[in-house]
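# A closer look at the structure
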Amino acid sequence: MEPESGANGTAVTEFILLGLVETPGLQPVVFVLFLFAYLVTVGGNISILAAILVESRLHTPMYFFLGNLSVLDIGCITVTVPSMLGRLLSQKRTVPYEACLTQLFFFHQLAGVDCFLLTAMAYDRFLAICRPLTYSTRMSQTVQRVLVAVSWAFAFTNALTHTVAISTLNFCGPNMINHFYCDLPQLFQLSCSSTQLNELLLFGLGILMAGAPVILIVTSYIHVAVAVLRIRSAEGRKKAFSTCGSHLTVVVIFYGTGVFSYMRLGSVEASDKDKGIGILNTVISPMLNPLIYSLRNPDVQGALRRVLAGKRSLA
């Protein structure tokens with residue numbers, strides 16, 4: 001759907017993404033760094049997926065969710081980075097209106113699933129540590145699949161709502177986006193029509209998509225902390241906390257950058273700080289996740305070694 005013509009000018013049919021740097025001499029450096037980050041992210045997350053499939057000890061709910069998270073990480077970086085690399089190669093910074101909205105939709109779809117999947121992982125840890133006797137029935141394969149399916153459904157509704165809402169705005173003036181991908185705050189700044197409804201939608205749906213999951217995650221981990229502190233053995237407490245540490249690290253990075261990105265709608269101009277947060281959201285976080293989950297996990301490390309050696313677990 002193309003924007004209608006505005007009162008003071010011709011309808012915008014394409015946007016210009018300024019990218020990360022405008023200095024020609026720095027563009028090859030940015031290209032190499034982001035290509036490397038993309039290959040490392042995709043390779044790392046595929047390795048995690050392969051490890052989960054190969055190692056029978058990793059056929060548990062926690063690793064089922066981790067496998068889904070790896071798919072999302074590959075998706076999130078693929079939605080933004082390859083198109084940016086293509087623009088750096090071609091020296092063409094324009095993006096058609098429809099392509100911009102398509103990128104926005106898929107970015108919010110994948111990020112939305114991430115929100116709920118991290119919540120499902122916190123719920124899994126709560127059941128495993130606080131309700132061990134009923135864990136296998138409460139977190140059956142059916143429950144796992146339902147949680148993932150519901151996550152995708154809610155995220156789809158959220159992404160579609162934002163995409164349809166922004167398609168009703170008029171873009172008739174400036175078309176330069178000071179970023180390296182299309183997102184809501186930057187498009188709001190370019191609209192010739194009122195974005196009040198869109199900002200209310202972003203705030204309201206943001207509470208549902210991020211606020212509610214954060215409350216559930218915090219509540220789960222309060223119960224987990226209380227249960228773990230009751231364990232008399234120091235080794236037992238360390239083991240219980242170690243299964244939660246990786247997840248909590250990912251939660252802090254994901255929600256910290258997300259809140260900073262979308263709760264700053266009052267700023268008039270997009271800044272380099274926004275680009276930095278965008279890099280954290282779309283590049284650094286997906287790249288770090290495989291490292292975070294494997295660094296202190298001997299089961300994952302062992303499975304990765306078997307994957308690289310071409311062996312399959314017999315356990």
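Model, not experiment: these values are computed from the prediction. (Residues numbered from 1 in each chain as written. Predicted model: local features only at pLDDT ≥ 70, side-chain atom pairs only at ≥ 80, totals over all residues. Heavy atoms only, no water.)

Under the counting rule described, the total for this entry stands at two salt bridges. The residue Arg57 makes a salt bridge to Glu55 at a minimum N-O spacing of 3.4 Å. Arg57 sits in the partly exposed class, given a relative accessible area of 47%. Measuring nitrogen to oxygen at the nearest pair gives 2.9 Å for the salt bridge that ties Arg125 to Asp124. (Salt bridge = Lys/Arg side-chain N within 4 Å of Asp/Glu carboxyl O. Buried < 20%, exposed > 50% of the residue type's maximum accessible area, 1.4 Å probe, protein only.)

Time to look at the packing of aromatic side chains. Under the definition given, this model contains twelve aromatic pairs. Ring geometry for Phe105 against Phe156: centres 5.8 Å apart, planes inclined by 85 degrees, an arrangement best described as edge-to-face. Of this pair, Phe105 sits in helix α3 (residues 97-130) while Phe156 sits in helix α5 (residues 141-167), and the two are 51 residues apart along the sequence. A residue is classified by how much of its surface remains accessible, and Phe105, at 14% relative accessible area, is buried. (Phe/Tyr/Trp six-rings, centres within 6.5 Å; stacked < 30°, edge-to-face > 60°. Helix = DSSP H or I, 4+ residues; strand = E, 2+ residues; numbered from the N terminus.)

Bringing α5 into the picture now. Counted at 1.5 Å a residue, the expected span for α5 with its 27 residues is 39 Å, and the 39 Å between its end C-alpha atoms agrees. When we look at burial in α5, the residues that qualify are Gln144, Val148, Ser151, Ala155, Asn158, Ala159, His162, Thr163, Ala165, Ile166 and Ser167. Turning to α5, the residues buried within the fold contact α2 (61-90), α3, α6 (184-190) and α7 (196-229). (Expected span 1.5 Å × (residues − 1). Contact = heavy atoms within 4.5 Å.)

As recorded in UniProt, the sites labelled "transmembrane region" (unreviewed entry) are residues 29-54, 63-85, 105-126, 146-166, 200-229, 241-265 and 277-295. Strand forms 0% of residues 29-54 and helix 100%; the C-alpha atoms that close the span are 37 Å apart. As a span, residues 146-166 carries 100% helix and 0% strand, and end to end its C-alpha atoms are 30 Å apart. (UniProt positions renumbered as here; feature names shortened; annotations may be inferred.)

Grouped together as the largest cluster of nonpolar side chains are 63 residues, with contacts concentrated most on Phe34, Leu66, Met84, Leu118 and Val224. Within the residue set of this core, elements represented by two or more residues are α1 (27-54), α2, α3, α5, α7, α8 (234-262), α9 (272-295) and α10 (298-309). Sequence-distant contacts of Leu118, defined by excluding residues within four places in its chain, comprise Leu69, Ile217, His247, Val250, Val251, Phe254 and Tyr255. By size, the runner-up hydrophobic cluster in this structure holds 18 residues, among which are Leu101, Leu104, Cys182 and Leu190. (Core = buried A, V, L, I, M, F, W, Y, C linked by side-chain atoms within 4.5 Å.)

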